Each structure stands twice: as structure tokens, then as C-alpha cells.
Amino acid sequence: MFGARSSAEQKTVFVLPGLAEEATYHAPLSAALGGDVQVIALRRPPKDGLFANRMDQIGRDHAEQILASGVAPPFHLTGFSFGVQAAFATAQALLRRGQAVGVLAMIDDDADLHRRRFGALDNAPPGPEASVAAIEALDAKLLECYPGRILAFRADIWPGLRRPGEGLDWEYFAEGGMDVLALPCAHMELVEDRWIKRWAPVLNAALHGRRLRGVRDLPSRVDAVPMAALEAFEANKRGQLEAEIRLYRAALDENPDSPDWIWINLAQALNQSGAVTEAIDLLQKGAARWPGLCNGHVELVRMLKAAGRGGEVRALAQGWERLKVFSATDWHLRGVLFQEAGMPLRADQSFRKALRKCPELTSSRGRLVRVVMSAGRFDEALGLIRAGLKVTPGSLFLQVLEGEVLTRMGQRREAEAILRAVVARDPLQWRALSLLAEMQSGPEGLEALLPRIEEGCARAPSNHGMFLVQGEVLARLGRAEAAEAAFRQSLDKQRRDLRGWLGLSRALEAQGRYAVALDCLCGAPQALRATAELRRRLGEIVLAARGL
């Protein structure tokens, strides 16, 4: 636990750790909050392995630390990413002990309510890695309501296809409602200095009971969640799939206007039971009800593509143009869906409209750059990136993208200078390291990069990208067994990364283990097995095994 004892004049906020043993942003947060607020960063007590894989135990552990700190209640808590879940559990643990909780501030992009069926989706084996332990912790957690009000700092740019709810979906479990400050940044950017400086004044105001400027007052939506949906969560934790399906059906019968994550979870449960067509039909029924674009559309696209019915996505896309679009993030989601449907011109138009409404949306800009690059318009792509860097100077995401575009344009010297500057600022920027590795034509350059990559793996053991790059570099150096180990480490953390599966299969093939390579690819998640790249790779292994 870091931080001095609180004085009577100070407010104190406890920062809950995420996947690491302690939060890494407490120092810049302390500077941004000013001298009238003390920041105490809690450390996760060591348990069996990295940490106790139950959220209630994590909450009790941190509550004990807080009570031993000498700080008087009410206790103010905050957390980022997985630390949000820890902060929520800690607040509940304190309340159960009769302690007062003041500000509960969440720094995130999503409550992950739609992903509480992690194991059902990926069948990820248990292991000691931080990400797997986090999955187990969430997967074992039953949902409960919080009796107070929640303050949320929400990233409006979300990873992958998932779109966060207005209150990160915590509005369904906050009985006192929420105050939400939406920020046009991505998940990891929330704890960069420039964005901390945007949300820290609001946190300071909340701690001192002052008016919160720029936030949205979001009413509680606890009543919108039928009790059967909560019972379905509990059935899932007990492994009772039939009961889970029955309860989710009852929830939708009781309230057809239930949150979209209830529709999604029922569809996923049906899919797990083998009723793939019924799952898709359910989401199509939901799509006919939803007035605007939402995660249900995203899940429908995902399931259709995984079932080999990608051709139907284009037909669905015709109806998306009739759905209501109000905000920049609405346009972004429309662009993402058109991109998934293989309709680049419509995606291009949507991303441009998103950027006109909010030029700071780096995710929309990044996706637009991809669309433009795929058409071979590299000069235009570079112009888009540099325009974005004027709006969001210092964005590492855009700088890495700039290095990639320059590399594709043959301007390798300038690209390398940009990428090395990025890595100097943040050694864990694995995409920059990957591009630098691609530039190396001989083993000397790869050997020079390897210690930096290994250092990144040691510093961020839950970062799948670092191990992915390590595997690719080791494979190019001819160290197939070490490359295999690195790829397996990467896939332990992110099973849905096609690049990791392809790399692992090549490392196994290099060792002459053709049957293992085939088994490995056949064990990839269903959505990846449907891709042309993986199917082509299976054919390559078969031909190699026969010496052809």
C-alpha cells in the first residue's frame, strides 16, 4: 500500500489494482488531483498464484487493507479496467461490514456483463496467468446491486466490436443511478496523463461534494433487469445450461425490452447447447425490435460469420441504414458493421461522419485508415493520420499507425525513427515492436530487438501481444521450440488471436510435428476455424506432411 497517512484537511481516494499487483497510474492521478487529495494505491495480497480467483475474496482482502490504513470513513474508491470490478467488490465488502462508502469511481469502457460467460465462449483452460485468473474471478462472480450512486469515466472508443452502454452497463446494478463523463478516447488511453487531466477535476469535485461539470445524470435501470436474468447468471455459474436457457427465456417473456446483453447471453447459451440456428433466429428477432444499432447486431454478425453464413450479413446491412444514428459513436458502430459485412465504401462514409462529429475518435480514424489502405491510397491514409495527430497530439496509437503506413510506402528510415520513439516512450507497445521486427532483414537486428521484447514480456506477463512478437522473432531466428512456447503463452492470454494460432502452427511444423499442428488449429475457437486464412493453413500443413 503506497501513500502517506491522511490528514484531517485531506480527502483520500483508494486506487484498486487491475491485473498487475498495483495500479500504475496512481502517481499522475495524484499530481492531477492536487494537494488536497491523497491517493493510496492498494496492492493485491498474494494468494494461490497471482491472486484469489473470486471477486468476493478480492473485495474482502482490499477492505481489510483500507480498514487498516488509518483513514476515516467514508471510503472513496476508484479502479481502472479489472480494477473497476475490484473496486465494486471492495465497496460491497465494506458495506457488508457496516462501513460507509463515499465516491465509487469507475474508469473503463464496459462492465463486461455480456462476457460473464467467458468459459462457455472460449473453453479457456485454467492457468496461472493474470488474464486467465481474471476471467475465472469474473466467471465465478454473481451479479449484485450496489445501493449507492456510481461515478463513471467512460471511454467512448471501445476495443473490437463491443460497444459500451451509456453507463458501461453498470446502470443496471446501481440503485442510486450514475454520473457519467464520456471521453473520446480508447480503453488504455483513459490512464494516460492527457486523459487523466480531463477526468481528475471531476473526481476531485466529487470527493469534495462540489458540482460535477460535464457529466450526464443517468438514472438507475435496476428495474429493467428481470429477476429471472439474475437467476440465469447463477445457473450459469453452477454449470446448469438448460436452466440458464429456461431462465433467460423467462426474462425475455417478462420484458421483451430487456437490455441487449440478456438477448446476447441467451443466444450464446443456445449456441453452446448446439442450437446455433435457434441462437441466430433469436438475435434476428431482437434486431427487428431494437430501434438503433446495438451490441445485438454485433453478436448477430459474429454468429452468422462463425456459422459460415457470412453472405447473409450483406443482406442485413441493407436494413442498418434505416436505424437511428445520433452520435459519433453511432456512426462508428455503423462503420464497424459495414466493415464486417465487407462493404468498404459504406464503412468509409460512416467513419468519416463519425470523425466530422468528433475528430478525436482515434478508433474511427484508425479504421478509416485501414479502409483507405486496403484501396491502395497510402498518401491519403498518411494525411488522415497526421490530421489526427494535430487533434490528439502524442497519441501512440496513431504514431504506430503512421509508422506502419510509412513502412508500406517504402519510407522505412522515417518509419523506424517514429516506431523507436514510440517504444522509448512506452516499451510495451508491442505493435511498434512487431513492425520494427519486420524491418530487420538479418538475424543481427532481430537479436538486438529480442532483449527489449523479453523485458516487455517480464514487465507485462498478461500482455498477449508481447509474447506474440517474441514468438514471431524467435521463429525467424530458427528457434522453433522457444517460439512454440511463446505462442502458447500468447494464446493462453488471448485465444481469439488468429495470428497466434498461425504462428504456433508454423513453429510446430518447423519441428516436424505435423499432426500436433493440425490438432492445434482444429482446437482454435469456432469463429477462427471459419476463416479462409486458417483453412488455407490447414491445407499447407497437410501438403508439407506429405512432402509436397
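Residues numbered from 1 in each chain as written. Predicted model: local features only at pLDDT ≥ 70, side-chain atom pairs only at ≥ 80, totals over all residues. Heavy atoms only, no water.

S.K.: Sorry, what's going on with the packing of aromatic side chains here?
M.R.: Two aromatic rings, taken as a pair, are described by how far apart their centres are and by the angle between their planes. In this structure the tally under the stated criterion is 5 aromatic pairs. Each ring, one from F14 and one from F75, has its centre 6.3 Å from the other, and the planes form 65°; the classification is edge-to-face. Remark: F75 occurs in strand β3 (residues 75–80) and F14 occurs in strand β1 (residues 11–16); sequence separation between them is 61 residues. (Phe/Tyr/Trp six-rings, centres within 6.5 Å; stacked < 30°, edge-to-face > 60°. Helix = DSSP H or I, 4+ residues; strand = E, 2+ residues; numbered from the N terminus.)

S.K.: Any chance you could explain the environment of W263 here in plain terms?
M.R.: Within the secondary structure, W263 sits in helix α9 (residues 260–272). Non-local contacts of W263, meaning those with residues more than four positions away in its chain, are made with L252, P256, S258, L282, L283, K285, G286, R289 and W290. (Contact = heavy atoms within 4.5 Å.)

S.K.: What exactly am I supposed to notice about the environment of R43 here?
M.R.: With respect to the secondary-structure elements, R43 resides in the loop between β2 (37–41) and α2 (55–67). Sequence spacing of R43 and V15 is 28 residues, and the spatial spacing of their C-alpha atoms is 9.1 Å.

S.K.: Would you mind showing me how to read the state of the cysteines here?
M.R.: By definition, a disulfide links the sulfur atoms of two cysteines through a covalent bond. Summed over the entire model, instances satisfying the criterion amount to 0 disulfides. Of the cysteine sulfurs around C520, a residue in no disulfide, the closest is that of C522, at 8.8 Å. Under the relative-accessibility criterion, C520 is labelled buried at 11%. (Disulfide = S-S within 2.5 Å. Buried < 20%, exposed > 50% of the residue type's maximum accessible area, 1.4 Å probe, protein only.)

S.K.: How should I be thinking about unusual backbone geometry in this particular structure?
M.R.: Glycine aside, the phi torsion of most residues is negative, and most peptide linkages are trans. Cis geometry marks the peptide bond from P73 to P74; its omega dihedral reads 5°. Inspection of the secondary structure puts P74 in the loop between α2 and β3. One non-glycine residue, S81, lies in the positive phi region at around 60°. One can find S81 in the loop between β3 and α3 (82–96).

S.K.: I tried to follow the nonpolar core on my own but got confused; where do I start?
M.R.: Here is a general trend for soluble globular proteins: nonpolar side chains tend to be buried in one another's company. Counting residues in hydrophobic clusters, the biggest one holds 109 residues, and the most contacted among them are W320, V369, I453 and V473. Apart from the residues lying within four places of it in its own chain, the contact partners of W320 are L293, H297, V301, V313, R334, L337, F338 and A341. F14, F88, L94 and A152 belong to the second-largest nonpolar core, a separate cluster that totals 32 residues. (Core = buried A, V, L, I, M, F, W, Y, C linked by side-chain atoms within 4.5 Å.)

S.K.: Looking at this structure, I do not really get the pattern of salt bridges. What am I missing?
M.R.: Pairing of side chains with opposite charge becomes possible as their charged atoms draw close. Applying the stated criterion across every chain, the model contains 27 salt bridges. The salt bridge involving R194 is made with E192; its shortest N-O contact spans 3.5 Å. On the accessibility criterion, R194 (26% relative accessible area) is partly exposed. Where E402 meets R386, a salt bridge forms, and the shortest distance between an N and an O atom there is 2.9 Å. Residue E402 is located in helix α17 (residues 396–408), and its partner R386 is located in helix α16 (residues 378–391); the two are separated by 16 residues in the primary sequence. Here the salt bridges do not stand alone but share partners, grouping D348, R352, R377 and E380 into one network. (Salt bridge = Lys/Arg side-chain N within 4 Å of Asp/Glu carboxyl O.)

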